[in-house]
Amino acid sequence: MNLDLDPGLQQFRDEVAGWLAAHVPAAPLPSVDTAEGFAQHREWEARLANARLAAVSWPARYGGCDASLLEWLIFEEEYHAANGPIRVGQNGLFVLAPTLLAHGTEEQRERILPPMARADDVWAQAWSEPGAGSDLAALRSRAVRTDGGWLLSGAKTWSSRAVFADRAFGLFRSDPAAERHRGLTYLMFDLRAEGVTVRPIAQLDGEAGFAEIFLDEVFVPDGDVIGEPGDGWRIAMSSAGHERGLSLRSPGRFMAAAERLADLWVRAGDPADAALAGRVADAWIAARAYQLHGYRIASQAASAGRGPSAGGGFAGAESSLGKVYWSDLDIALHQTALDLLGTRAELRDLGQPDGRWLDGYLFALAGPIYAGTNEIQRSVIAERVLGLPR
Ligand SMILES: Cc1cc2nc3c(=O)[nH]c(=O)nc-3n(C[C@H](O)[C@H](O)[C@H](O)COP(=O)(O)OP(=O)(O)OC[C@H]3O[C@@H](n4cnc5c(N)ncnc54)[C@H](O)[C@@H]3O)c2cc1C
């Protein structure tokens, strides 16, 4: 297999790297889970969008630049290698947008995607409920038919950054009499609409990374239903494929962390510690394997004529394989770095680049939980990929 980039791809990589080198803020932005940090991340997204780099794989008419899946993977590699800020619009860009490209109407795409790319509208995901996490189909929030649309009522929870976001997408029970996977409708709603209450959930660090969302007969027009009423589960599983597969957590994110880990080993590692040297090498190899896997998926998609919107790089249940892999890898990378830093690992004022490992580790611990827990993904892999009995 020839892994060299052809000249066109190399030129794309050089252009992206050049722009990022000139524009990525030298000092990290304040935490995205604070009002000030959120606003600054929004401004950063607008700069990306002005350079048509916010969503490179989207069609140009929505604000992208028609990049292939391979170009998108390269963009992501350069973005993470350059330490680009967290993507404040990630739920919209990487989960809702591919869903709209696959299942939305042209009117929805034209109306929703350009302001999403500029982060004029930042989207939150409103799926989980107090009684519906792993068992998402147990959700009880409901959508009741009314003139020209729907009235939404119920409670959602764990919605990342919903405190500061503008709009949300979620599943609602529209037919209580139907079998529980069939009576669901996929809807978008305004977080500032009448009847919506957003209540922050403070994390251990005191920042409001999550929110509960309460809905009391919130009106949503028919135009904000994605797909057909009652077909929400099927469309949500397409969103989940993007969330678990390459889209939300691209290989470039882990390759950049693996390179930082190798650099840390060279600067601070004890050459006599063969066990730790082995863990550094294993983590780097695992990140590289995921990167090559991404290239393989992209080449297959290109040969089959499928664009980036088709499956987030993984088809259906196979996205569960990717999810277990990247979430375990992220913990291994960060845990190894902390062990390498030893007693210094717990200091938050280590400065850059070493000061990022502790926060990164704490977030990596959430990887096996969000986007569907790894226990659930292993059941999906066993039953639907390997064909094992329930
Ligand atoms: C960082 C982070 C960000 C998040 N962001 C969002 C967001 O933006 N929007 C949103 O809607 N949600 C979000 N979530 C919520 C997330 O989707 C849920 O936490 C997750 O689906 C698990 O649901 P739960 O917390 O209710 O746990 P539960 O479903 O109660 O599970 C508890 C434990 O039991 C295990 N378990 C449950 N059922 C089974 C089973 N059948 N077989 C084996 N084990 C099982 C689980 O694996 C888990 O270990 C986020 C979560 C985190 C950590």
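Since the model is a prediction, treat every value here as computed from it, not as a measurement.

Draft legend 1. Structural view of the pattern of salt bridges. Applying the stated criterion to the full structure yields 20 salt bridges. Between Arg13 and Glu77 there is a salt bridge, with the nearest N and O atoms lying 2.9 Å from each other. Residue Arg13 is found in helix H1 (residues 7-23), and its partner Glu77 is found in helix H3 (residues 69-81); the two are separated by 64 residues along the sequence. In this structure, Arg13 and Glu77 share a single accessibility class: buried.

Draft legend 2. Focus on the pairing of strand S7 (residues 210-221). Bridge count for strand S3 (residues 149-156) against S7 is seven bridges, and the pairing is antiparallel. Directly across from Gly154, in S7, lies its bridge partner Leu215.

Draft legend 3. Focus on the environment of Gly322. Of note, Gly322 is situated in helix H9 (residues 319-341). C-alpha of Gly322 to C-alpha of His293: the two residues are 29 residues apart in sequence and 9.6 Å apart in space.

Draft legend 4. Broad picture of the packing of aromatic side chains. A full pass over the atoms with the stated rule returns 14 aromatic pairs. Geometrically, the ring pair formed by Phe169 and Tyr186 is stacked, given 6.4 Å between the ring centres and 15° between the ring planes. Linking Phe169 in strand S4 (residues 167-173) with Tyr186 in strand S5 (residues 184-190), this pair joins segments that are 17 residues apart in sequence. Of the residues examined, Phe169 reaches a relative accessible area of 0% and is grouped as buried. Put simply, the rings of Phe254, Tyr290, Tyr325, Trp326, Phe363 and Tyr370 pair up and form one aromatic cluster. Lying across the ring of Phe172, Lys156 places its NZ or CZ 4.7 Å from the centre. One Lys or Arg, Lys323, reaches over the ring of Trp326 and ends 5.7 Å from the middle of that ring.

Draft legend 5. Examining the packing of H9 against helix H11 (residues 374-385) more closely. Interhelical geometry of H9 versus H11 gives an angle of 145° and a closest axis separation of 8 Å. Helix-helix and strand crossings are classified by hand; for H9 and H11 the assignment is left-handed. When H9 is examined against H11, the residues Ser320, Leu321, Lys323, Val324, Ser327 and Asp328 are found in contact with a partner set consisting of Asn374, Gln377, Arg378, Val380, Ile381 and Val385. Split into classes, the residues belonging to the contact of H9 with H11 amount to five nonpolar, four polar and three charged.

Rules behind the numbers
Residues numbered from 1 in each chain as written. Predicted model: local features only at pLDDT ≥ 70, side-chain atom pairs only at ≥ 80, totals over all residues. Heavy atoms only, no water. Salt bridge = Lys/Arg side-chain N within 4 Å of Asp/Glu carboxyl O. Helix = DSSP H or I, 4+ residues; strand = E, 2+ residues; numbered from the N terminus. Buried < 20%, exposed > 50% of the residue type's maximum accessible area, 1.4 Å probe, protein only. Pairing = 2+ DSSP bridges. Phe/Tyr/Trp six-rings, centres within 6.5 Å; stacked < 30°, edge-to-face > 60°. Lys NZ or Arg CZ within 6 Å of the ring centre and 35° of its normal. Axes fitted to C-alpha atoms, helices over the stretch in contact; angles between N-to-C directions. Left-handed = near helix turned anticlockwise from the far one by under 90°. Contact = heavy atoms within 4.5 Å. Nonpolar A, V, L, I, M, F, W, Y, C, P; charged D, E, K, R; others polar.

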